[in-house]
Amino acid sequence: MKITGLNSDIIWKNKTVNFQLIEKELQNEEADLFLLPEMFSTGFCMDASEVSDRNQESLGFLKKMALEKNAAFCGSAPVEEDGKFYNRMYFVQPDSHVDFYDKRHLFSFSGEDKVYSKGRERVIVSYKGFRFLLQVCYDLRFPVFARNNDDYDAILYVANWPEKRVGAWEHLLKARAIENLSYVFGLNRIGTDGNDIFYQESSHSFFADGKEISEKKGNLISSEWSLEELKDFRNHFRFLDDRDDFDILGLD
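Residues numbered from 1 in each chain as written. Predicted model: local features only at pLDDT ≥ 70, side-chain atom pairs only at ≥ 80, totals over all residues. Heavy atoms only, no water.

(A) Local environment of the state of the cysteines. The full count for this structure, using the stated rule, is zero disulfides. Free cysteine: Cys 74, not disulfide-bonded; nearest cysteine sulfur from Cys 137 at 14 Å. (Disulfide = S-S within 2.5 Å.)

Right under this line is the structure:
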């Protein structure tokens, strides 16, 4: 499976321009799965009442791209539903089937928890034989929530993770791969947002042993994954057999 992520320099609060830029960047690219950053259509914005999708604009764009590219598309967007706002990560397949995950760990340092409602489900999506755990940015700091119960093969992280704390982002991505015997793809944005916060290029893909397995070209990062290689690795190093059993409270 080929996965390609776009390190977007997201234009602040401008969905139309962001959609156009994404189409331009990906027009000549082929992959099985394309990743876009957290809040790819607006930037990581706390003005939820202003920027949230009321008419599923971002989801409609992902469906359009998935159909045109005959590939899955994944990224998060601010969404309003039943009077509440969510940082919602969509996974859209080429046939327009949609799965979504609402970000559970809201970034209190920025006040995200005062604006958005946290998700109450842990979401795993199946696509082309792979099982993907969906995660958004700050979720990366909470390993219990991402613990592999032998129920997924890969973790997808989409983020707006600032340059000031990028060391933690890169170390934790590798740790999640190693401790869960899993592929990990962490896609971060680039550029400067409307709050004058800078994001350096720091997207990565790791194999289950912590080895980087990505190629970068311009604003694109791609990785080739083999399910058989992962199964062979897990069969040889059976560390998941020794994992602790636990339940996470507060999930539906």
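So that's the structure; there's more coming.
(B) Molecular detail of the sheet that holds strand β3 (residues 72–81). As summarised here, the arrangement of the seven strands in space is β5-β4-β3-β2-β1-β14-β13, forming an open sheet in which the pairing is mixed. Of all the strands in the sheet, the pair left with one neighbour each is β5 (98–102) and β13 (215–217). The mean inter-strand angle of the sheet, taken between neighbouring strand axes irrespective of direction, is 30 degrees. The sheet contact formed by strand β1 (residues 2–6) and strand β2 (residues 33–35) spans three bridges and is parallel. (Pairing = 2+ DSSP bridges. Helix = DSSP H or I, 4+ residues; strand = E, 2+ residues; numbered from the N terminus. Axes fitted to C-alpha atoms, helices over the stretch in contact; angles between N-to-C directions.)

(C) Seen up close, the environment of Phe 44. Turning to its location among the elements, Phe 44 is positioned in the loop between β2 and α2 (48–51). Along the backbone, Phe 44 and Gly 218 are 174 residues apart, and their C-alpha atoms lie at a distance of 23 Å. Each residue touching Phe 44, except ones within four places of it in the same chain, is listed here: Trp 12, Glu 38, Met 39, Asn 87, Lys 103, Phe 107, Ser 110, Glu 112, Asn 160 and Asn 195. (Contact = heavy atoms within 4.5 Å.)

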